[in-house]
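Listed below, chain by chain, are the residues.
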Amino acid sequence: MTTIALIVAAGKGERAGGGVPKQYRPLGGLPVLRRAVLAFSRHPRIDAVRVMIAEEHRALYDAAVAGLDLGAPVIGGAERQASVLNGLESLADAAPEIVLIHDAARPLVPAGVIDRVLDALDAAPAALPVLAVADTLKRGEGGLAAGTVSRDGLWRAQTPQGMRFDAVLDAHRRAAAEGVTVTDDAALMEWAGHPVTLVAGSEDAMKITTAQDFALADRLLAGALETRVGTGFDVHRLGAKTPGGVDGVALGGIVIPHDQALLGHSDADVGLHAITDALLGALSDGDIGTHFPPSDPQWKGAASDRFLADACRRVRAAGGQIRHLDLTVICERPKVGPHREAMRARIAEICGVPVARVSVKATTTERLGFPGRGEGIAAQAAATIALPAPDLTVPDLADPEDL
């Protein structure tokens, strides 16, 4: 059967602060919306993802989902219910069998919740992930407790809420025609007379509304990341400057005046090459030659910051964060010390990290070997990243037996 996820992201999201709508704020290095989309686009039982956005947020949306295989977004309405109807109408021609409707503000939904919703739809027209109400409920009047409300039979509703597409589209159309408003899609299905099956949700599928919620979500993510370390090593020969080439040595993202130049297919920046390989190694994603083969003429004379920027993009696309970069340059000349801070600043700029996360050191070989004889320059690097892994995603701690 065809299953499509609709991500609702058309709200203003101002209560969370941050200067931009909450769905576009970074969470653990990735926009909230991107995390929500990835939860579904990476799920093996989801065929496609479509996002509803506010028209004025198009530039923010494009930046948040750059590089993802998504169709054009759907412009939402003034209220959530209208946005969902717009999204459903955009699918009318495709007519999927199943639609999952999910709030972008719940970016950490575990795959297990998605599976339970889909499993329930094998035998039901609608399914809703829920959590038991654990706290005592009080009714208040004038700032005073006016009674205790029984928790029996009460549940907290979450998303994604799954429905048979034909049934939920019909319910939304009828509600729009009759002026009926509800707070979620499960309520609309109830109003339309369709039974809604309850399945176990997850505390990790929390809805981000306030600044405190962002802090809690960051803590959840921190516990779901593993630390990886990659190493890189590169060597390039020193030789006479080529006409029109770099006027000095390209090293650590800057050009250091020197009477020789590093020779290579690109600009031969051994420092950036070593860091690039260290990042790719931490990702288990090949090496610099895999992605930028020296046999390819398009990389002849290329500035090596392009290679490093691509490795950083790969880390971010995998949901990772660069925690630290450590570069050691091995040579007799030129002297690295006077240029150390400029190199740190340039590497930090390329990688989009604070300078405090970049270390640059230099050493010699006591005039031994090719570096000692001034025949070339070597560099080694270590990259530390935090990366979500299949076995270390936000854990799904819900017990289906709770229902």
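Preceding this section is the structure that the text describes.
Not measured: the values here are computed from a predicted model.

A. Structural detail: the packing of aromatic side chains. Summed over the entire model, instances satisfying the criterion amount to one aromatic pair. For arginine 25, the ring lying beneath its charged end belongs to phenylalanine 214, and the centroid distance is 3.9 Å.

B. Examining the sheet that holds strand 17 (residues 321-330) more closely. Strand order in the open sheet made by the five strands is 16-13-19-17-18, with mixed pairing throughout. In this open sheet, the two edge strands, each paired with only one partner strand, are strand 16 (261-263) and strand 18 (358-363). Geometrically, the sheet is characterised by an average inter-axis angle of 30° between neighbouring strands, direction not taken into account. Where strand 13 (residues 226-239) lies against strand 19 (residues 376-387), 12 bridges are found, and the strand directions are antiparallel. Residue pairing for strand 19: histidine 236 is matched across the bridge by isoleucine 377. In the packing of helix 8 (residues 270-283) onto the sheet, the strands contacted are strand 13, strand 16, strand 17 and strand 19, and the crossing angle to strand 13 comes to about 150°. In the packing of helix 11 (residues 340-351) onto the sheet, contacts are made with strand 17 and strand 18, and the angle to strand 18 comes to roughly 140°.

C. View of the packing of helix 8 against helix 10 (residues 305-317). Packing of helix 8 against helix 10 leaves a shortest axis separation of 9 Å and a crossing angle of 20°. When the axis of helix 8 is compared with that of helix 10, the two are roughly parallel. Both helix 8 and helix 10 take part in a crossing whose hand is left-handed. Contact with helix 8, carried on its side by Leu272, His273, Ile275, Thr276, Leu279, Leu280 and Leu283, involves Asp305, Phe307, Leu308, Ala311, Cys312, Arg314 and Val315 of helix 10 and no other residues of that element. Among the residues making up the contact of helix 8 with helix 10, the classes are represented as 10 nonpolar, two polar and two charged.

D. Main features of the pairing of strand 4 (residues 48-53). As defined by bridge partners, strand 1 (residues 3-9) adjoins strand 4 across six bridges and the pair is classed as parallel. Counted as the bridge partner of alanine 9 is isoleucine 53 from strand 4. As judged from the two bridges shared by strand 4 and strand 5 (residues 74-75), these two strands associate in the parallel manner. The partner of methionine 52 across the bridge, within strand 5, is valine 74. On the question of chirality, the crossover connecting strand 4 to the parallel strand 5 by way of helix 2 (residues 58-64) is right-handed.

E. The arrangement of the packing of helix 10 against helix 11 in detail. One way to put it is that helix 10 packs onto helix 11 with a least axis distance of 8 Å and a crossing angle of 50°. By the criterion of interaxial angle, the relationship of helix 10 to helix 11 is oblique. Two secondary-structure elements touch here, helix 10 through Asp305, Leu308, Ala309, Cys312 and Arg316 and helix 11 through Arg346, Ile350 and Cys351. Classifying every residue of the contact of helix 10 with helix 11 gives five nonpolar, no polar and three charged.

F. Inspection of the pattern of salt bridges at higher detail. The final tally for this structure, using the stated rule, is 16 salt bridges. In this structure, the salt-bridge partner of aspartate 305 is arginine 346, at a minimum N-O distance of 2.7 Å. With aspartate 305 in helix 10 and arginine 346 in helix 11, this pair connects stretches of sequence that are 41 residues apart. With relative accessibility at 22%, the residue arginine 346 sits in the partly exposed group. Measuring nitrogen to oxygen at the nearest pair gives 2.9 Å for the salt bridge that ties arginine 344 to glutamate 341. Highlighted residues: arginine 344 and glutamate 341, both in helix 11, separated by three residues, approximately one helical turn. Given the relative accessible area of 18%, arginine 344 is considered buried.

G. Focus on the environment of tryptophan 299. By the secondary structure assignment, tryptophan 299 is in the loop between helix 9 (288-291) and helix 10. A C-alpha to C-alpha distance of 21 Å links tryptophan 299 and glycine 281, two positions 18 residues apart in sequence. Ignoring any residue separated from it by four or fewer positions in sequence, one finds tryptophan 299 in contact with His265, Ser266, His291, Phe292, Pro293, Arg306 and Phe307.

Criteria and thresholds
Residues numbered from 1 in each chain as written. Predicted model: local features only at pLDDT ≥ 70, side-chain atom pairs only at ≥ 80, totals over all residues. Heavy atoms only, no water. Phe/Tyr/Trp six-rings, centres within 6.5 Å; stacked < 30°, edge-to-face > 60°. Lys NZ or Arg CZ within 6 Å of the ring centre and 35° of its normal. Pairing = 2+ DSSP bridges. Helix = DSSP H or I, 4+ residues; strand = E, 2+ residues; numbered from the N terminus. Axes fitted to C-alpha atoms, helices over the stretch in contact; angles between N-to-C directions. Contact = heavy atoms within 4.5 Å. Parallel < 35°, antiparallel > 145°, perpendicular 65-115°, else oblique. Left-handed = near helix turned anticlockwise from the far one by under 90°. Nonpolar A, V, L, I, M, F, W, Y, C, P; charged D, E, K, R; others polar. Right-handed = clockwise from strand over helix to strand, strands pointing away. Salt bridge = Lys/Arg side-chain N within 4 Å of Asp/Glu carboxyl O. Buried < 20%, exposed > 50% of the residue type's maximum accessible area, 1.4 Å probe, protein only.

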